[in-house]
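Survey of secondary and tertiary structure
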Amino acid sequence: MAAGGRFAAVDDAVRGIMARWGVPGASVAIIANGATVHHNAYGLASTEAGIPVSPGSLFRIGSLSKTVTAIAALHLAQRDGLDLDRGILDYLAPAGNRNVFAPELGAVTVRHLLTMRAGFADEPDLSWHCSLARGPVTRDTRLTVADILHYFPMAAFETWPGRAQRYEQISYHILGRVIEVVSGMRYEDYVKRHLLQPIGLERPFIGSTPRANAHRDEVTYYWGDDTIYEPLPFLESRVPDTVPYAQRVIETRDSNGGWVFSSDELARLLYAGVIDPRSPLLSRESQALLFARPEVAHPNPDEYFSHGMFCRPNTPGWLARTFRGGSLLPCTGRHIGRSGGSSGMFGITSHKLVWVILLNRDLDNYEDYFADVGRTLWGVLGPLQP
């Protein structure tokens, strides 16, 4: 969709972000009332080849994948296949010897995973516990239930499950395996069949570590000092032609951070799953869970992590100043993601605008970087009416 007009300020804001942080390329999509009202591309997908980013360019979305996984879990739950309040060991180790696990593990439920309240004390790279150690990375490399069960005896806990909220990467690794056990399908296949295809999306996929497997529309990924993202040392002997795709084993991060989308495709999924009152994916009751405050909230008093995304409740004064009528969401929603030289963010405004920005650069000082991206785009898009 052409730039300019009502959304010229968005384009200016994105170009300002790119200039301040040295981002080669970016893509933005905005959806209102189910329609894409703005979709633009900026800069270069490859600085070496001089290839520009196009509206259809594909980016790794990192932890934005967690929201995809949350929608998938809620979809499976409303089909009566998944009980959110059932213990994860009932699904992953129904007949196993649970005496080898910490007692806390037996109290972890699916909902604890969704809302980051499982209580895990560590953040292991589960690549070390998976089949990666047994051979090279291929299209079939993935995290399995057996890998999770191999890790479980080593799992340590900071709190009893449900008593505190802490952002945990491992929870969504495990959640993907629960979805596989309950559905009888590979996680990626379940998302494609039940979430993407019903809304006409065919391209999104779990990213690949070997560079040879990159999609023809996928951007090149860059680190903060203008270098193409380099591989970790332990991968060099396992992944041929790794640069720039091997800083993490993307295949094993599927449900936690492995998806590849264009900005418009991700915005369309978020609208269909979170906002659309006639959603083919989730019921209104399931959509409400995405904004529900857990019994134990995030340490930030102004924000909490619900089922797959961060939520910030609206204040009455803010609503009175900014809204001119109609229905509002009770909260704004957001998430950020970074993965192997890419970064991204989405926002869901109280006025039911869904916006997504994807960029092909990651930085060491990512906290300042994301703070600037969020502050800039929320400042432009937060007050906009659909």
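Relevant structure appears above.
Note that the structure is a prediction, hence the values are computed from the model and not measured.

Let's talk about the packing of helix 2 (residues 65–78) against helix 7 (residues 187–196)
Packing of helix 2 against helix 7 leaves a shortest axis separation of 10 Å and a crossing angle of 70 degrees. Comparing the axis directions of helix 2 and helix 7 gives the class roughly perpendicular. Along its contact with helix 2, which presents Ser65, Val68, Thr69, Ile71, Ala72, His75 and Leu76, the element helix 7 presents Tyr187, Tyr190, Val191, His194 and Leu195. Grouping the constituent residues of the contact of helix 2 with helix 7 by class yields eight nonpolar, four polar and no charged.

Focus on the sheet that holds strand 8 (residues 310–313)
Pairing in this open sheet of eight strands is antiparallel, and the strands run 3-2-1-11-10-9-8-7 from one edge to the other. The open sheet has two free edges, formed respectively by strand 3 (51–52) and strand 7 (304–305), since each of these has just one partner strand. Relative to strand 11 (residues 353–359), strand 10 (residues 343–348) runs antiparallel, the two sharing six bridges. Residue pairing for strand 11: Gly347 is matched across the bridge by Trp355.

Considerations on the pattern of salt bridges
In total, this model carries 15 salt bridges according to the counting rule given. Where Arg203 meets Glu265, a salt bridge forms, and the shortest distance between an N and an O atom there is 2.9 Å. Taken together, the residues span a long stretch of sequence, with Arg203 in the loop between helix 7 and strand 5 (205–206) and Glu265 in helix 9 (residues 263–275) at a distance of 62 residues. Across the salt bridge formed by Glu303 and Arg334, the nearest N and O atoms sit 2.8 Å from each other. Of the two residues, Glu303 sits in the loop between helix 10 (284–289) and strand 7 while Arg334 sits in strand 9 (residues 331–338), which places them 31 residues apart along the sequence. Each of Arg142, Arg177, Glu180 and Asp254 takes part in salt bridges that share partners, so that together they form one network.

Things to note about the nonpolar core
Counting 81 residues, the largest nonpolar core has Phe120, Phe152 and Ile174 as its most contacted members. With sequence-adjacent residues up to four places away left out, Phe120 is seen in contact with Leu105, Leu113, Tyr151, Ala155, Ala156, Phe157, Glu158, Arg166, Glu168, Ile170, Ser171 and Ile174. Core analysis: the second largest hydrophobic core is formed by 25 residues, Val10, Val14, Ala32 and Ile357 among them.

Observations concerning the sheet that holds strand 5
The antiparallel open sheet is built from three strands, whose spatial order is 4-6-5. One side of each edge strand has no neighbouring strand; the edge strands of this open sheet are strand 4 (59–60) and strand 5. Sheet topology note: the strand 5/strand 6 (residues 259–261) ladder contains two bridges and is antiparallel. Bridged to Phe205 within strand 6 is Val260.

Thoughts on the pairing of strand 11
For strand 11, the buried fraction is high: seven of the seven residues fall into the buried class. Alternating residues of strand 11 divide into Leu353, Trp355, Ile357 and Leu359 and Val354, Val356 and Leu358, and every residue in both groups is buried. Strand direction decides the pairing type here: strand 1 (residues 25–32) and strand 11, joined by seven bridges, are antiparallel. Among the inter-strand pairings, Ala29 is bridged to a residue of strand 11, identified as Val356. Count of turn residues in the strand 10/strand 11 antiparallel hairpin: four residues, of which Lys352 carries a positive phi of about 75 degrees.

About the criteria used
Residues numbered from 1 in each chain as written. Predicted model: local features only at pLDDT ≥ 70, side-chain atom pairs only at ≥ 80, totals over all residues. Heavy atoms only, no water. Axes fitted to C-alpha atoms, helices over the stretch in contact; angles between N-to-C directions. Helix = DSSP H or I, 4+ residues; strand = E, 2+ residues; numbered from the N terminus. Parallel < 35°, antiparallel > 145°, perpendicular 65-115°, else oblique. Contact = heavy atoms within 4.5 Å. Nonpolar A, V, L, I, M, F, W, Y, C, P; charged D, E, K, R; others polar. Pairing = 2+ DSSP bridges. Salt bridge = Lys/Arg side-chain N within 4 Å of Asp/Glu carboxyl O. Core = buried A, V, L, I, M, F, W, Y, C linked by side-chain atoms within 4.5 Å. Buried < 20%, exposed > 50% of the residue type's maximum accessible area, 1.4 Å probe, protein only.

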